[in-house]
Amino acid sequence: MPAKADITIRDFSSATNDRFTNDPAFIMNGFDLSGVGLTTGGGRWATAISRNVLIGAFHFSPGGQIEFSTDNNPNSQMVARSIVSGTRVGDTDLYLAVLNAPLPNSIAHYSYATESVSGDLPGANAPFPVNPAGIYQGMNAYLFGRSPVDHSGFPRDQAVGRNLVTGYSENVPFNGSDNDSILFEFDNEGAPDAQVFEARFQGGDSGGPAFVDIDGELRLIGTNAFIYGDGDFTNPGIGSGINYTGNQADFIGNFIAANAVPEPGSLLVLSSLIALLARRRQRP
């Protein structure tokens, strides 16, 4: 995808769809979006899934300095960290990055989909099969991309639309990767599944997060990957695809565990134990 373009959102307005307009009408008002960041050098997306691990897209992998905002106020101070290492998740388009220091408690990190989903494999020279997307089928997702109007700076260039989960497609080849993908058809206005603020990705949106609302809490189901045209999938129509996290949950969880940093409370307990042992050793 090219680096400079804006997400398509039907009936877009700055008040309802631009995060940093900080308007009460914003469609995600009330959710904590502090864990959604963009790099300062090139506007590449990455989202916190632990205190020091981020997730994005391999083909638009984040690097260098990344910034987060504690809220949706454009005047709030940004929290900056440096990405010091990263890895591709198997042969998929998912990408995990490690920060130089843990994020503060003022920056959220999100749970992610862990449910395994499977489907029919694609045949040669045929549209890719579309199957139900497990528990996420038909759910209304929040899709992030570059703002159509707010280009005040990469870390604050964030807009949000919606779309229903259309289905799941297995082993979709994309930029040399092999992806288990969730699809979002961009329905014609007035169609039964058309949503208010229906969204379709454009260039520069790669790696952004796709969330669903589970009992009032955000769950990340994947990262922005590709757009598709009519005839690419067995479902007719155009739309967007994300890299689904659920089938890679073991890899992601093991990576987070391998790079885990102690919680502040754990450090205090450890320090107390060390101090206690030291005092015991000083006894005659």
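Scroll up for the structure.
This text gives an overview of the structure that appears in the document. All values reported here derive from a predicted model rather than from experimental measurement.

How each quantity is defined
Residues numbered from 1 in each chain as written. Predicted model: local features only at pLDDT ≥ 70, side-chain atom pairs only at ≥ 80, totals over all residues. Heavy atoms only, no water. Helix = DSSP H or I, 4+ residues; strand = E, 2+ residues; numbered from the N terminus. Rg over C-alpha atoms; globule rule 2.2 N^0.38 Å. Buried < 20%, exposed > 50% of the residue type's maximum accessible area, 1.4 Å probe, protein only. Contact = heavy atoms within 4.5 Å. Lys, Arg positive; Asp, Glu negative; His and termini not counted. Charge placed at Lys NZ, Arg CZ, Asp CG, Glu CD. Polar contact = N/O pair within 3.5 Å; in protein donor to acceptor, adjacent residues only side chain to side chain. Core = buried A, V, L, I, M, F, W, Y, C linked by side-chain atoms within 4.5 Å. Pairing = 2+ DSSP bridges.

Some remarks on the overall build of the chain
- Secondary structure summary: the chain contains three helices and 16 strands in total.
- Against the compact-globule benchmark of 19 Å for 284 residues, the chain has a radius of gyration of 20 Å, which places it among compact chains.
- Principal axes of the C-alpha set define a box for the chain whose edges measure 80 × 45 × 35 Å.
- Counting every position in the chain, which comprises 284 residues, the buried fraction comes to 50%.
- Within the chain, contacts between residues at least 6 apart in sequence are counted, and of these 66% link residues at least 24 apart.
- Counting 16 positive and 29 negative side-chain charges, the chain places the averaged centre of each group 18 Å from the other.

Describing the side chain of N17
- Its location among the elements puts N17 in helix 1 (residues 14–17).
- The class of N17 is buried, set by a relative accessible area of 0%.
- Here the side chain of N17 touches T16 through a polar contact of 2.7 Å, side chain to side chain.
- Among the polar contacts made by the side chain of N17, one reaches the main-chain carbonyl oxygen of V160 at a distance of 2.9 Å.
- Setting aside chain neighbours within four positions, we find N17 in contact with I9, D11, F12, F26, I27, Q158, A159, V160, G161 and F197.

Looking at unusual backbone geometry
- Unlike most non-glycine residues, N171 shows phi in positive territory, near 55 degrees.
- By secondary structure assignment, the location of N171 is in strand 11 (residues 167–174).
- The class for N171 is partly exposed, based on a relative accessible area of 28%.

Examining the nonpolar core
- Grouped together as the largest cluster of nonpolar side chains are 50 residues, with contacts concentrated most on M28 and I221.
- Core analysis: the second largest hydrophobic core is formed by 12 residues, A48, I66, I83 and L103 among them.

Structural notes on the pairing of strand 3 (residues 45–48)
- Residues W45 and T47 point to one face of strand 3 and A46 and A48 to the other, with burial holding for every one of them.
- Relative to strand 3, strand 2 (residues 36–39) is paired through three bridges, and the arrangement is antiparallel. Looking at the pairing, V36 lines up with T47 of strand 3.
- Connecting the antiparallel pair strand 2 and strand 3 is a turn made up of five residues, with G43 showing a positive phi of about 65 degrees.
- Two elements, strand 3 and strand 4 (residues 53–57), share two bridges in a ladder whose sense is antiparallel. If you follow T47 over to strand 4, its bridge partner there is I55.
- Two successive antiparallel strands, strand 3 and strand 4, enclose a turn made up of four residues.

As for the side chain of T47
- Relative to the helices and strands, T47 resides in strand 3.
- For T47, a relative accessible area of 1% gives the class buried.
- Apart from the residues lying within four places of it in its own chain, the contact partners of T47 are G35, V36, V53, L54, I55, Y110, P209, F211 and L220.

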